Amino acid sequence: MTTFTYTEDQQMDYAIQVKNLTKTYKDFSLDSISLALPCGTVMGLVGENGAGKSTFINSILGIVEARYDQVSMLGYDLKTQEKLMKEDIAVIFSDSHYDLSFTPLFVGKMLSQVYKSWDQEKYMDYLKRFRLPEKKRLKKFSTGMRVKLEFAAALSHHPKLLILDEATSGLDPVVRDEILDILREFTEREDRAVLMSSHITSDLDKIADYIAYIHEGRLLFVKTYDDLQNNYGIINCGRQLFDALSPDDIAAYKKEAYSYRVLVSNKQKLKKVFSDVPIENASIEDIMLFYIKGEKIR
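Conventions used here
Residues numbered from 1 in each chain as written. Predicted model: local features only at pLDDT ≥ 70, side-chain atom pairs only at ≥ 80, totals over all residues. Heavy atoms only, no water. Helix = DSSP H or I, 4+ residues; strand = E, 2+ residues; numbered from the N terminus. Rg over C-alpha atoms; globule rule 2.2 N^0.38 Å. Buried < 20%, exposed > 50% of the residue type's maximum accessible area, 1.4 Å probe, protein only. Lys, Arg positive; Asp, Glu negative; His and termini not counted. Charge placed at Lys NZ, Arg CZ, Asp CG, Glu CD. Phe/Tyr/Trp six-rings, centres within 6.5 Å; stacked < 30°, edge-to-face > 60°. Lys NZ or Arg CZ within 6 Å of the ring centre and 35° of its normal. Patch = residues over 30% accessible without salt bridge, like charges linked within 9 Å, V, L, I, M, F, W, Y side chains within 5 Å. Areas by Shrake-Rupley, 256 points an atom, 1.4 Å probe, with all protein chains shown as cover. Salt bridge = Lys/Arg side-chain N within 4 Å of Asp/Glu carboxyl O. Pairing = 2+ DSSP bridges. Contact = heavy atoms within 4.5 Å. Axes fitted to C-alpha atoms, helices over the stretch in contact; angles between N-to-C directions.

**Q** Summarise the overall build of the protein; cite the residues concerned and give the values.
**A** Per the secondary structure count, the protein includes 11 helices and 14 strands. Radius of gyration (C-alpha) of the protein: 21 Å, near the 19 Å computed for a compact globule of 298 residues. Principal-axis analysis of the C-alpha atoms gives the protein an extent of 70 × 40 × 40 Å. Across the 298 residues of the protein, 52% fall into the buried class. Side-chain charges in the protein split into 40 positive and 44 negative, and the spacing between the mean points of these groups amounts to 4 Å.

**Q** Could you give an account of the packing of aromatic side chains, with specific residues and numbers?
**A** Across all of its chains, the model carries 10 aromatic pairs by this definition. Plain terms: the ring middles of Tyr213 and Phe221 are 5.6 Å apart, the flat faces sit at 65 degrees to each other, and that makes the pair edge-to-face. Relative accessible area serves as the criterion here: at 1%, Tyr213 is assigned to the buried category. Between Tyr213 and Tyr291, the ring centres sit 5.8 Å apart and the planes meet at 75 degrees, which makes this aromatic pair edge-to-face. Of this pair, Tyr213 sits in strand 9 (residues 210–215) while Tyr291 sits in helix 11 (residues 284–293), placing them 78 residues apart in sequence. Taken together, the ring pairs connect Tyr213, Phe221, Tyr232 and Tyr291 into an aromatic cluster. Directly above the aromatic system of Tyr25 lies the positively charged group of Lys23, at a separation of 5.0 Å from the ring centroid.

**Q** Lay out a positive patch on the surface in plain terms, naming residues and giving numbers.
**A** Taken together, the side chains of Lys136, Arg137, Lys139 and Lys140 make up a positively charged region of the molecular surface. Tracing the backbone through its elements, the reader meets Arg137 in the loop between helix 4 (120–129) and helix 5 (143–155).

**Q** Outline the sheet that holds strand 1 (residues 14–24), supporting the account with residue identities and numerical values.
**A** Pairing within the open sheet is antiparallel, and its 4 strands lie in the order 2-1-4-5. The open sheet has two free edges, formed respectively by strand 2 (29–38) and strand 5 (76–77), since each of these has just one partner strand. One ladder, built from 2 bridges, connects strand 4 (residues 70–73) with strand 5; its direction is antiparallel. Bridge pairing links Ser72 to Asp77 in strand 5. On top of the sheet, helix 1 (residues 53–60) reaches strand 1, strand 2 and strand 4; it is set at about 115 degrees to strand 1, its chief contact.

Here is the structure:
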């Protein structure tokens, strides 16, 4: 498991800092999660359904109570500065939380009373950009239109941190690509960051700087996307080559009828040792499936 260490002087270099967060339910436990999200970056939070992604997000937002040594965002402490912290954070879930009888115009008027930094001009610009009719009731909006409204509202109070919990699920590829463009624009400034939980790993392949992988309530790793691309790979081989690999070379493997599929985490080193052996690139989805369904050498 990879965690981050940082000194007090470095705290504002991180948008999110979590140390030893644990949440226990009757049949599930989120086990001592520690991670940090650097400013100016996008972190993809991945894991199968029920792995603990939403529980983690709800815990760091204070929506559910959890035990932890530290949870801070943008330099604010969750225990003592929650109100200040949330002024600079925007959170978008998969389902719209606005009443379906509202109109975008009413949503803007309401939020102008909530956020000190609300920017009505910016909000109206987003409504035009997303082609959202300002006087149409949300119950007549498509799923994609409602998600676009969530982003318009979230971005119009000048947040420095976006937290997305499966916010793009159920959207068609065109709308998702439009949302990814918005996230790229958002993180062009180095004092901003995005934590994005998603089971659509192809979206994370396009935008993520870091990947945090939660499996059965445990944080298996936090790695840079470049690290995953450069060092993880898949080898298809017979028994002889499989036996020649060091256990340290094998992250996980699958035994098939007449061969092995092996996920390796030191692709560059193995290319030098086994120069004639093809090593496929491994996507985020490949890595997840190997960890979930593959076997480990004990």
